[in-house]
Amino acid sequence: MSLAAALLSCALAAFMTFAGAPKLAGHPKTALMAQHLRVPTELLRFVGLTETVAAIGLLVGIFVTWSGVAAALVVVALMLGGAACHLRVKDGFAAAAPALVSAATAAGVVILHIAGN
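Below is a summary of the structure that appears in this document. (Residues numbered from 1 in each chain as written. Predicted model: local features only at pLDDT ≥ 70, side-chain atom pairs only at ≥ 80, totals over all residues. Heavy atoms only, no water.)

**Some words on the overall build of the chain**
This is how it is decided: Comment: elements are numbered from the N terminus, with helices defined as DSSP H or I runs of at least four residues and strands as E runs of at least two. Put simply, the radius of gyration uses C-alpha atoms, and a globule should come to 2.2 Å times the residue count raised to 0.38. The rule is simple: take the accessible area with a 1.4 Å probe, protein chains only, and divide by the maximum for that residue type; under 20% is buried, over 50% is exposed, in between is partly exposed. Note on contacts: a residue pair is in contact if any heavy atoms of the two residues lie within 4.5 Å. Per-residue and other accessible areas were derived by the Shrake-Rupley procedure at a 1.4 Å probe size, with only the shown protein chains allowed to occlude residues.
A count of helices and strands for the chain gives five helices and zero strands. In sequence order, the chain lays out its α and β elements as α-α-α-α-α. The C-alpha radius of gyration of the chain comes to 14 Å, within 12% of the 13 Å expected for a compact globule of 117 residues. C-alpha extents for the chain along the principal axes are approximately 45 × 25 × 15 Å. In the chain, which comprises 117 residues, the proportion classed as buried is 39%. Pairs at least 24 apart in sequence give 65% of the contacts found in the chain among residues at least 6 apart. Accessible surface, the chain as shown: approximately 6,400 Å² in total, 78% of it carbon and sulfur.

**A short note on the pattern of salt bridges**
Heads up, the rule is: The term salt bridge refers to a side-chain nitrogen of Lys or Arg lying within 4 Å of a carboxyl oxygen of Asp or Glu.
Applying the stated criterion to the full structure yields one salt bridge. Salt-bridge contacts for Glu-51 lead to Lys-23; the nearest nitrogen and oxygen are separated by 3.1 Å. With a gap of 28 residues between them, Glu-51 in helix α3 (residues 41–60) and Lys-23 in helix α1 (residues 3–25) connect regions that are remote in the sequence. Side by side, Glu-51 and Lys-23 carry an identical accessibility label, which is buried.

**Side note on the nonpolar core**
Most often, soluble globular proteins keep nonpolar side chains buried together rather than apart. Definition in use: Throughout, nonpolar core names a set of buried Ala, Val, Leu, Ile, Met, Phe, Trp, Tyr and Cys residues whose side chains join them through atoms within 4.5 Å.
Ranked by size, the top nonpolar core spans 21 residues in total, and within it Leu-12, Met-16, Leu-58, Ala-72, Val-75, Met-79 and Ala-106 carry the most contacts. Where this core is concerned, the elements lending two or more residues are α1, α3, α4 (65–88) and α5 (93–116). Considering each element in turn, this core owes the most residues, eight residues, to α4. When residues no more than four places from it in sequence are discounted, the contact partners of Met-16 are Ala-21, Glu-51, Ala-55, Val-75, Met-79 and Ser-102.

**Here's the deal with α4**
As a reminder of what qualifies: Any helix carries an expected span of 1.5 Å times its number of residues minus one.
With 24 residues, α4 extends 35 Å between its outermost C-alpha atoms, agreeing within 8% with the 34 Å of an ideal straight helix rising 1.5 Å per residue. With its phi angle positive at about 60 degrees, Lys-90 sits one or two positions after the end of α4.

**A look at a nonpolar patch on the surface**
The condition is simple: Two distance rules govern patches: like charges are joined within 9 Å, and nonpolar side chains (Val, Leu, Ile, Met, Phe, Trp, Tyr) within 5 Å, applied only to residues with over 30% relative accessible area and no salt bridge.
Taken together, the side chains of Leu-24, Leu-43, Phe-46, Leu-49 and Val-53 make up a nonpolar region of the molecular surface, amounting to roughly 430 Å² of accessible area. By residue number, the principal contributor to the nonpolar patch is α3, which donates four residues. Structurally, the position occupied by Val-53 is in helix α3.

**A closer look at unusual backbone geometry**
The backbone of Arg-38 shows a phi angle near 60 degrees, a positive value even though the residue is not glycine. Structurally, Arg-38 can be placed in the loop between α2 (28–37) and α3. Overall, Arg-38 belongs to the exposed group, its relative accessible area being 56%. Of note, the phi angle at Lys-90 is positive, near 60 degrees, even though the residue is not glycine. Here Lys-90 is to be found in the loop between α4 and α5.

So, in structure tokens, the structure goes:
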């Protein structure tokens, strides 16, 4: 694995943990976010769980390539879905931008993993 892939994986894992842990823990803002996005609160808790598990997979992926690739692909799908949710409720591009940047970063992790092998 390249240094770039390891650094991107660590940065993305930190962001996924930062984004996922409050949702998973059921932070009160999660209910407000779910209401705003017009999705069930349970869905956001599941997204938080998925983001947290993906963070672990990204870190394991530093040593086990397939784990990093799988976790990064999950992040791409999750983040594209998140961006779509924000755009669906007309939040605008600014609200969708963090998810889109995360999806692009995760795609970069996949590319760097594949190029490194």
